[in-house]
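For reference, the chains in residue letters:
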Amino acid sequence: GPRLSIGWESADGFGIRGRGWGFTNGADDEGAPSSSSSSSYYGYSSISSEEITFSGGRFDLDFYQRLELQRGFLSFGASLTAAELKLDERYIVTQSGYYYQYSSYPYYGYTSIPYTNSYEGGGLLRNRGFGLGLLVEGAHRLHETEFDVWSIFGRGRLAYLVGQWKEEESGSVWEGDGNMTIGEAALMKRT
């Protein structure tokens, strides 16, 4: 997903930066065998299609101080962070089987009658929160000429969020208080 960042930094190295990021990842299972299938003497149930979407988003408002070093820089600070994770599932279940019907004419006994039913279902699990974070990032120049600069860049973040989780399934809703810890690390070479 995309990451957008905008900010301001003073000549002394104090900065304020807003950063937003989000992602969506999905999977479709159309007609494939499912571990949720079940069978009995009277019938068989299977998930004929299933769609799962995992998505999330995060926003950071950073307050940091940048220190210029001889061959790079080091920044450290704190952030106000908000984030959400969501898992959404939708499926269609097909039931096939037979049931017995009692008849008294012309003979007494039971007759088996086949049937097929389909119904839709799904669930939603969401966790969201707000909290504080710490950040550090820096760069070190490895080699420099008049045409290019080779440097290594690193970044790390840790945020602790409190909020609510919510689960919806088959018309029922459960919710409560929860927390999330989000860690982020990056190391790259820049030219």
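Because the structure is predicted, anything quoted here is derived from the model rather than measured.

1. Re the pairing of strand 7 (residues 149–169)
In the sheet, strand 7 pairs with strand 8 (residues 172–190) via 19 bridges, with the strands oriented antiparallel. What sits directly across from Ala159, in strand 8, is Ile182. Counting the residues in the hairpin turn of strand 7 and strand 8 gives two residues, including Ser170, whose phi is positive at 55 degrees.

2. A look at the layout of surface pockets
Considered as a void within the structure, the largest pocket measures approximately 190 Å³ in volume. In this structure, the largest pocket is lined by 14 residues; those nearest its centre are Trp21, Phe23, Arg58, Ile182 and Glu184. Elements supplying a minimum of two residues to the lining of the largest pocket: strand 2 (14–30), strand 4 (43–69), strand 5 (72–103) and strand 8. Sort the elements by how many residues they give to the lining of the largest pocket and strand 8 lands first, with four residues. Within the lining of the largest pocket, the residues separate by chemical class into six nonpolar, three polar and five charged. Computed from the structure, the second largest pocket encloses a volume of approximately 160 Å³. If you go around the second largest pocket, the residues you meet are Ile52, Leu87, Glu89, Tyr91, Gly122, Gly123, Leu124, Leu125, Glu167, Glu168 and Glu169. Secondary-structure elements contributing two or more residues to the lining of the second largest pocket are strand 5, strand 6 (109–144) and strand 7. Among the elements that take part in the lining of the second largest pocket, strand 6 stands out by supplying four residues, more than any other.

3. Re the packing of aromatic side chains
Counted according to the given criterion, the structure contains three aromatic pairs. Ring centres of Phe73 and Phe153 lie 6.4 Å apart, and the angle between their planes is 40 degrees; on these two criteria the pair is classed as tilted. Taken together, the residues span a long stretch of sequence, with Phe73 in strand 5 and Phe153 in strand 7 at a distance of 80 residues. In this pair, the class of Phe73 matches that of Phe153, namely buried. An aromatic cluster is defined as three or more aromatic residues linked by ring pairs; in this entry it consists of Trp21, Phe23 and Phe54. Directly above the aromatic system of Phe73 lies the positively charged group of Arg66, at a separation of 4.2 Å from the ring centroid.

4. What about the confidence of the model for the protein?
Mean pLDDT for the protein: 83, with 80% of residues reaching 70 or above. Ranking the elements of the protein by mean pLDDT puts strand 3 (residues 38–39) last, at 53, and strand 1 (residues 3–9) first, at 93.

5. Observations concerning the nonpolar core
Judged by nonpolar contacts, Ala83, Ala159, Leu161, Met180 and Ile182 together constitute the single largest core of five residues. At the level of elements, strand 7 and strand 8 are the ones that each hand at least two residues to this core. If sequence neighbours within four positions are ignored, Ile182 has contacts with Arg58, Ala83, Arg157, Leu158, Ala159 and Leu161.

6. Some details on the side chain of Ser55
As for its placement among the helices and strands, Ser55 is situated in strand 4. When sequence neighbours within four positions are dropped, the list of residues in contact with Ser55 reads Phe23, Thr24, Glu84, Leu85 and Lys86.

Cut-offs applied
- Residues numbered from 1 in each chain as written.
- Predicted model: local features only at pLDDT ≥ 70, side-chain atom pairs only at ≥ 80, totals over all residues.
- Heavy atoms only, no water.
- Pairing = 2+ DSSP bridges.
- Helix = DSSP H or I, 4+ residues; strand = E, 2+ residues; numbered from the N terminus.
- 1 Å grid on protein atoms, 1.4 Å probe; cavity = no way out; pocket = protein on both sides within 12 Å on 5 of 7 lines; lining within 4 Å.
- Points joined across faces, edges and corners; volume = space filled by probe spheres on them.
- Nonpolar A, V, L, I, M, F, W, Y, C, P; charged D, E, K, R; others polar.
- Phe/Tyr/Trp six-rings, centres within 6.5 Å; stacked < 30°, edge-to-face > 60°.
- Buried < 20%, exposed > 50% of the residue type's maximum accessible area, 1.4 Å probe, protein only.
- Lys NZ or Arg CZ within 6 Å of the ring centre and 35° of its normal.
- pLDDT = per-residue confidence, 0-100.
- Core = buried A, V, L, I, M, F, W, Y, C linked by side-chain atoms within 4.5 Å.
- Contact = heavy atoms within 4.5 Å.

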